[in-house]
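Architecture at a glance
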Amino acid sequence: MALSKVANKQAVQVGVKELTMIQAINDGLKTMLEEDPKTLLLGEDIGKNGGVFRATDGLQDVFGEKRVIDTPLSEAGFVGTAVGMALNGLKPVVEIQFLGFVYPAFEQIATHVTRMRTRTLGYYSMPMVIRAPYGAGVRSPEIHSDSVEALFVHLPGIKVVCPSTPYDAKGLLLASIADPDPVLFLEPMRLYRGKRQEVPAHDYRIELGKGEIVQQGEDVTIFAWGAMMPIAMEAAELMKEQGISCEVIDLRTLYPLDKAIIADSVQKTGRVVIIHEGHETGGVGSEIVSVIMETSFLYLRAPIEKVTGFDVPVPLFALEHTYLPTTERVSQAIQKVYSF
Amino acid sequence: MREKYPLLQIIDQEGKWLDESNEEGLLEEKVKQFYYHMLRIRTYDQKGVALQRQGRIGTYVPFAGQEAAQVGSALALGNEDWMFPTYRDHGASLTFGADLDRMLLHWNGRIEGCLPSREKKIMPASIPIATHLPHATGAAMAEGYKGTRNAAIAYFGDGATSEGDFHEGINIASVFKAPVVFFNQNNGYAISLPVEKQMNSETIAQKAEAYGIPGVRVDGMDVFAVYFAVSEALERSRSGKGPTLIEAVTMRFGAHTTADDPSKYRDQAEVNRIRDQVDPLLRLEKHMKHRGIWEMAWRDSIETAIQDELEAAIKRMETYEQPAVSDMFDHVFAEPTWTIEKQKQRILSTGGSS
């Protein structure tokens, strides 16, 4: 689907490049730094080192140390600094090296980033993006693999975005930077260097709050995002062989959820499987269930299944693949709702 | 400020005495003990990097260059003292008495690797930066409440001094005169950021002034200097005089981790060029030669013993029983909640194996 969207835009764009997701993010940051002198990047190791994942590779060489800032090792410090910058007319894009390192900055996010607009009755806003690689499956050490998007979805005043393709990564990132309110931009580490995809060289934006039907289907709807999208697609492919037609939806924005895309699909299929690698209890999956109950209760033909991480700290890598939802677990859930 | 916090040394780069008054405390047996531990963790570190390159363990955190800082500080501790290391201080943990098998299991992604030794109070490596400094303060305060003379040591790098927890941990310790030693290893880089961009102060030791505690700056490549600085700080804390901040100036020869490429941010060829001049093991070897206590046969024998010990431990790591899926669920709470119990049963019933 995303590919076809690119094709539609080719008539107007100046160029298309085959990029990985990490390259698409780099390209998106570069595009914004070129376009808007108020935009600047800050974080640990993002300048000379180009980021531990190379998301900011080469940008300091082009834009200098004042726009691509290597900060001291101080998450609360540089997120707080970004608050001051945003108050004073800049548009900071902050990199948290891993989502699990956001906890020291959580106070800044919960008490200032998300509330400044409310607190000042709209006089000040917080046009900032907080980028954070997240998720398990790349044999990272403890804390590096956390997938705690639900913590932020629960905080009023911040949008939460999570791309799953290179094309979406750039389009959503540019929309996030343009947004007048703060956005947590979650980057699935596992997909950073997966497949390549055609990505326009110019500025294009994907509206926040909108999901995408990645595959049309009739029998069961699968909701997923980020690193779980390939799992969703694999399971849907397996089900096709068994004659079960799955509709696969990439939600892309976790707050606010795309209520319409959820309701439309559930009302069509009547059966739902939700996949996320965050912990089950209080996870975003529970919120999707709530939207379904509110909008489509009478259309349900089976209880909703969630395939999620467990209510345990993400284990060290010897067991992380057991923690993560697998194609097998998703397939079993699909069969369960289909044969209910 | 550098003048106020001079770099304490006992031997120079050629291994010659700068301060012979310490000779009494550094008899042959003790010096050989230092060398043995430094060689042991150096060998372990080299194996760690090699195992990662071969895909036999996960991401590894090397500490080559910091052997003197880690061994000198660890050997200064008393058996009942607490150690709060970071992910780069496994050399200190091993020297203090952490189990080698468990250390290797940790690098192999096994939670069993975090189990502390039964004999020593060695905490699992702290992965978040500076967050364990307040823990060391608390453990040390608890020893005070119990009326012991036990102390705690917290290890951390130069980057950690920028985090809020650094301030909070030291501030509380200084207010309550907690028996804790804050042992900083300033190795020059926090991943890619050089210390000059980490902070505007000339030294880390001088930060002690803000808390009204002693700050000590020591040559972290001189195992004797580190040993005496930490011993003195521990003694001071045991006598109720509160914490000390020690800055051991050292060098990280290699990458931040095996996932990092240091040539992106520093002249690695230059590091390799000066490596032999500053190597803490070579410095100790030269010292032993000056004193006439270097014996090649002894060196060969400990090297063989260390190699054998490591090879056997690596073999045990690689043949260690597979992790049980239930391990993931059984230790989150003393009594599993219904949610966890349900999730565990679900994965076990669907044949979820590692």
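Every chain is numbered on its own, with residues counted from 1 as its sequence reads. As they are written, the chains are lettered A onward and the ligands numbered 1 onward, keeping that order. Totals for whole chains, interfaces and linings use every residue, but because this is a predicted model, local features are given only for residues with pLDDT of at least 70 and side-chain atom pairs only at 80 or more, for both listing and counting. As a rule here, side-chain values cover all heavy atoms of the structure and leave hydrogens and water aside.

1. Regarding a nonpolar patch on the surface
All names here are of chain A. Patches draw on residues past 30% relative accessible area with no salt bridge. Two like charges within 9 Å are joined, as are two nonpolar side chains (Val, Leu, Ile, Met, Phe, Trp, Tyr) within 5 Å. Computed with a 1.4 Å probe, the accessible areas rest on the Shrake-Rupley method; for each residue, only the protein chains presented here act as cover. Any Lys or Arg side-chain nitrogen located within 4 Å of an Asp or Glu carboxyl oxygen qualifies as a salt bridge. Together, Met293, Phe297, Leu298 and Tyr299 make up an exposed nonpolar region whose accessible area comes to about 470 Å². What counts as a helix is a DSSP run of H or I of at least four residues, what counts as a strand is a run of E of at least two, and both are numbered from the N terminus. Inspection of the secondary structure assignment puts Leu298 in the loop between α11 (284-296) and β14 (305-309). The exposure class of Leu298 is exposed, given its relative accessible area of 79%. Burial status follows relative accessibility: with a 1.4 Å probe on protein chains alone, a residue under 20% of its type maximum counts as buried, one over 50% as exposed, and anything between as partly exposed.

2. Some details on the sheet that holds strand β1 (residues 82-84) of chain B
Residues and elements named next belong to chain B. By the convention used here, strands pair only if DSSP detects at least 2 bridges between them. The 6 strands lie next to each other as β2-β1-β3-β4-β8-β7, forming an open sheet whose pairing is parallel. Either end of the sheet is taken by a strand with one partner, and the two such strands are β2 (121-122) and β7 (215-219). The pairing of strand β4 (residues 180-186) with strand β8 (residues 244-249) spans 6 bridges and is classified as parallel. Paired with Phe182 across the two strands is Leu245, which belongs to β8. The contact criterion used throughout is that any non-hydrogen atoms of two residues lie within 4.5 Å. Axis angles are defined between N-to-C directions and span 0 to 180 degrees, where every axis is a line fitted to C-alpha atoms and, for a helix, only to the segment in contact. Taken strand by strand, helix α8 (residues 223-238) contacts β3 (152-157), β4, β7 and β8, and its axis lies near 160° from that of β7.

3. Some remarks on the UniProt feature "domain: Dehydrogenase E1 component" (unreviewed entry) in chain B
UniProt positions are given in the numbering used here, feature names are shortened, and annotations may be inferred rather than shown by experiment. UniProt feature "domain: Dehydrogenase E1 component" (unreviewed entry): in the numbering of this structure it lies at residues 38-325 of chain B. Within residues 38-325 of chain B, the helical portion is 46% and the strand portion 11%, while the C-alpha atoms at the span's ends are 37 Å from each other.

4. Section: the sheet that holds β14 of chain A
Residues and elements named next belong to chain A. Taking strand neighbours across the sheet as the criterion, the 5 strands line up as β9-β11-β10-β13-β14 in an open arrangement whose pairing is mixed. Among the strands making up the open sheet, the edge pair consists of β9 (212-215) and β14. The average undirected angle you get between the axes of adjacent strands in this sheet is 25°. Note: β9 against strand β11 (residues 246-250), 3 bridges, orientation antiparallel. Bridge pairing in β11 links Gln215 to Val248. Of the strands in this sheet, β9, β10 (220-224), β11 and β13 (272-279) touch helix α9 (residues 229-241), which is tilted by about 170° from β11.

5. Here we look at the nonpolar core
Residues belong to a common nonpolar core when they are buried Ala, Val, Leu, Ile, Met, Phe, Trp, Tyr or Cys residues joined through side-chain atoms within 4.5 Å. Residues Phe223, Leu251, Ile262, Ile288 and Ile334 of chain A together with Tyr44 and Phe224 of chain B are the most contacted members of the largest nonpolar core, which totals 185 residues. Residue contacts for Tyr44 of chain B: discarding those within four places in its chain leaves Tyr60, Phe63, His90, Leu94, Leu100, Met103, Leu104, Trp107 and Leu310 of chain B. Of all hydrophobic cores here, the second largest spans 25 residues; its members include Ala130, Leu133, Ala173 and Val180 of chain B.

6. Some words on the pattern of salt bridges
The full count for this structure, using the stated rule, is 43 salt bridges over all chains. When the shortest N-O distance is used, the salt bridge between Lys264 of chain B and Asp57 of chain A registers 2.7 Å. Residue Lys264 of chain B is located in the loop between β8 and α9 (268-278), and its partner Asp57 of chain A is located in the loop between β2 (39-43) and α3 (59-63); the two belong to separate chains. Between Glu209 of chain B and Lys4 of chain B there is a salt bridge whose closest N-O contact spans 2.6 Å. Residue Glu209 of chain B is found in the loop between α7 (195-198) and β7, and its partner Lys4 of chain B is found in the segment before α1 (28-53); the two are separated by 205 residues along the sequence. Judged by relative accessible area, which is 38%, Glu209 of chain B ranks as partly exposed. The exposure class assigned to Lys4 of chain B is exposed, which follows from its relative accessible area of 53%. Here the salt bridges share partners, and the residues they tie into one network are Glu80, Lys121, Glu143 and Lys146 of chain B.

7. Looking at a negative patch on the surface
All names here are of chain B. Residues counted as positive are Lys and Arg, residues counted as negative are Asp and Glu, and His and the chain ends are not counted. By convention, the charge on Lys lies at NZ, on Arg at CZ, on Asp at CG and on Glu at CD. A contiguous patch of negative charge on the surface is contributed by Asp19, Glu20, Glu23 and Glu24. Position of Glu24 relative to the elements: it lies in the segment before α1. Owing to a relative accessible area of 72%, Glu24 belongs among the exposed residues under this scheme.

8. What to know about the domain arrangement of chain A
Residues and elements named next belong to chain A. Domain delimitation follows an automatic or database domain assignment. Segmenting chain A into domains produces domain 1 (17-200) and domain 2 (212-339). For domain 1 versus domain 2, the distance between C-alpha centres works out to 26 Å. Each partner contributes residues to the interface: domain 1 has 27 residues there, and domain 2 has 26 residues. When two components associate, each loses some accessible surface as probed by a 1.4 Å sphere; the sum of these losses over both components is called the buried area. Regarding the contact of domain 1 and domain 2, the summed buried area is about 2,100 Å², with carbon and sulfur atoms giving 59% of it.

9. Some points on the interface of chain A and chain B
Between chain A and chain B, the contact holds 36 residues from the first and 41 residues from the second. Between chain A and chain B, a total of about 3,100 Å² is buried, with carbon and sulfur atoms accounting for 60% of that surface. Of all residues in chain A, Leu73, Leu316 and Leu319 of chain A give up the largest surface area on contact with chain B, accounting jointly for 19% of the area buried on that side. Put simply, chain A and chain B have 3 salt bridges between them. The salt bridge involving Glu280 of chain A is made with Arg346 of chain B; its shortest N-O contact spans 3.4 Å. Under this definition, polar contacts are N or O atom pairs within 3.5 Å; protein pairs additionally need one hydrogen-donor-capable and one acceptor-capable atom, and for neighbouring residues in sequence, both atoms have to be side-chain atoms. If you look at where chain A meets chain B, you find 10 residue pairs in polar contact (both at pLDDT 80 or more). Breaking the side of chain A that touches chain B down by element, the ones donating at least two residues are α12 (320-323) and α13 (327-338) of chain A. Residue composition of the side of chain A that touches chain B, by class: 15 nonpolar, 8 polar and 13 charged. Lys, Arg, Asp and Glu make up the charged group, whereas Ala, Val, Leu, Ile, Met, Phe, Trp, Tyr, Cys and Pro make up the nonpolar group; the residues left over, Gly among them, are polar.

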